[in-house]
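Listed below are the residues making up each chain.
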Amino acid sequence: MKYTRYILSCLIILLTGVIYYSVQAQQKKDTHRANFSGEWKSKESISIGGNIFCSYVEGDRMNSETMKIAEQADFLIIETTNTSPGSPKATSLEKLAFDGKEGQINHGQENEKKFTVKLSADGQTMTIKSIVYFMAATPYKVNVMKKAFTNVTEVWTLSNDGNSITIQSIAKSNIWDGERSWKTVFDKVN
């Protein structure tokens, strides 16, 4: 009888420990991931004078002051609208997959963009590495075009409250010396 109580007590303690550690392990797997979804508007206008952007196509997201983002488990879609004066209003969609595979957008006239996307484990930060190819006039020879490229790294950080996105960008090109960097902040509109 004495041994039965002892064995029963040990089994209860052992079973309680197994259940406790199983619940703790399950909670760690279920981490809350942030979400970039929503409508966003930049705090400042995006221009060469202020926020230097690296876009050579009018409808590109790097040139947009507003964007709609729809995030899914493995990718997000960014919708931007070309609002340049004198240009026809056009919507551009860009799908950014979190699988690390290279994506590509061909804008025609030898303008194209290749990119990869990496999402942090907590979902708060997204890094986009792009290379943009385009045709540019040769200095002092306006009618002579050459293939140019710009490497851009964007680090998107979602604020803790989810109401703003800060995009820190760094660019290097074969058409200018050194590195350019800029920061753009988007506030959630909806």
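Here the structure is a predicted model, which means the values were calculated and not measured.

A. Examining the confidence of the model for the protein more closely. In the predicted model, the protein carries a mean pLDDT of 80, and the fraction of residues at 70 or more is 78%. Looking over the protein, one finds the lowest element-wise mean pLDDT in helix α1 (residues 2-29), namely 69, and the highest in strand β1 (residues 38-42), namely 92. Low pLDDT (under 50) marks residues 48-52, which in the prediction has 10 contacts with non-local residues, meaning those over four places away or in another chain.

B. Representation of the nonpolar core in the model. Counting residues in each nonpolar core, the largest one holds 19 residues, and the members touching the most others are Phe36, Met67, Ile69, Leu76, Met126, Trp156 and Ile165. Residue assignment for this core shows that the elements contributing at least two residues are β2 (66-71), β3 (75-81), β6 (111-119), β7 (125-138), β8 (141-158) and β9 (164-173). Among the elements that make up this core, the one with the highest residue count is β6 (three residues). Other than its neighbours up to four places away in sequence, Ile69 contacts Phe36, Ser37, Gly38, Trp40, Leu76, Ile77, Ile78, Trp156 and Ile165. Met62, Phe134, Ala148 and Val152 belong to the second largest nonpolar core, which has nine residues in total.

C. Structural view of a nonpolar patch on the surface. Judged by side-chain polarity, Tyr3, Tyr6 and Ile7 come together as a nonpolar surface patch covering roughly 430 Å² of accessible area. With respect to the helices and strands, the residue Tyr3 is situated in helix α1.

D. Structural view of the pattern of salt bridges. This model, assessed by the stated rule, comprises one salt bridge. As a salt-bridge pair, Lys113 and Glu94 come within 3.5 Å of each other at their nearest N and O atoms. In this pair, Lys113 is assigned in strand β6 and Glu94 in strand β4 (residues 91-97), connecting sequence segments 19 residues apart. Residue Lys113 shares its accessibility class with Glu94, and that shared class is buried.

E. Highlighting the packing of aromatic side chains. Applying the stated criterion across every chain, the model contains one aromatic pair. When the ring of Phe36 is compared with that of Trp156, the centres are 6.3 Å apart and the planes differ by 70 degrees; the resulting orientation is edge-to-face. Linking Phe36 in the loop between α1 and β1 with Trp156 in strand β8, this pair joins segments that are 120 residues apart in sequence. A relative accessible area of 0% places Phe36 in the buried class. One cation-aromatic arrangement involves Lys95 over Phe75; the distance from NZ or CZ to the ring centre is 4.3 Å.

F. Geometry of the environment of Lys129. Position of Lys129 relative to the elements: it lies in strand β7. Sequence separation between Lys129 and Asn151 is 22 residues, and the spatial gap between their C-alpha atoms is 7.5 Å.

G. Focus on the pairing of β3. In β3, alternate side chains face the same way, and those of Leu76, Ile78 and Thr80 are buried while those of Phe75, Ile77, Glu79 and Thr81 on the opposite face are not. Where β2 and β3 come together, four bridges link them in antiparallel fashion. When the bridges of β3 are listed, Ile69 appears paired with Ile78. Count of turn residues in the β2/β3 antiparallel hairpin: three residues. Alignment of β3 against β4, held across seven bridges, turns out to be antiparallel.

Reading the values: the criteria
Residues numbered from 1 in each chain as written. Predicted model: local features only at pLDDT ≥ 70, side-chain atom pairs only at ≥ 80, totals over all residues. Heavy atoms only, no water. pLDDT = per-residue confidence, 0-100. Helix = DSSP H or I, 4+ residues; strand = E, 2+ residues; numbered from the N terminus. Contact = heavy atoms within 4.5 Å. Core = buried A, V, L, I, M, F, W, Y, C linked by side-chain atoms within 4.5 Å. Buried < 20%, exposed > 50% of the residue type's maximum accessible area, 1.4 Å probe, protein only. Patch = residues over 30% accessible without salt bridge, like charges linked within 9 Å, V, L, I, M, F, W, Y side chains within 5 Å. Areas by Shrake-Rupley, 256 points an atom, 1.4 Å probe, with all protein chains shown as cover. Salt bridge = Lys/Arg side-chain N within 4 Å of Asp/Glu carboxyl O. Phe/Tyr/Trp six-rings, centres within 6.5 Å; stacked < 30°, edge-to-face > 60°. Lys NZ or Arg CZ within 6 Å of the ring centre and 35° of its normal. Pairing = 2+ DSSP bridges.

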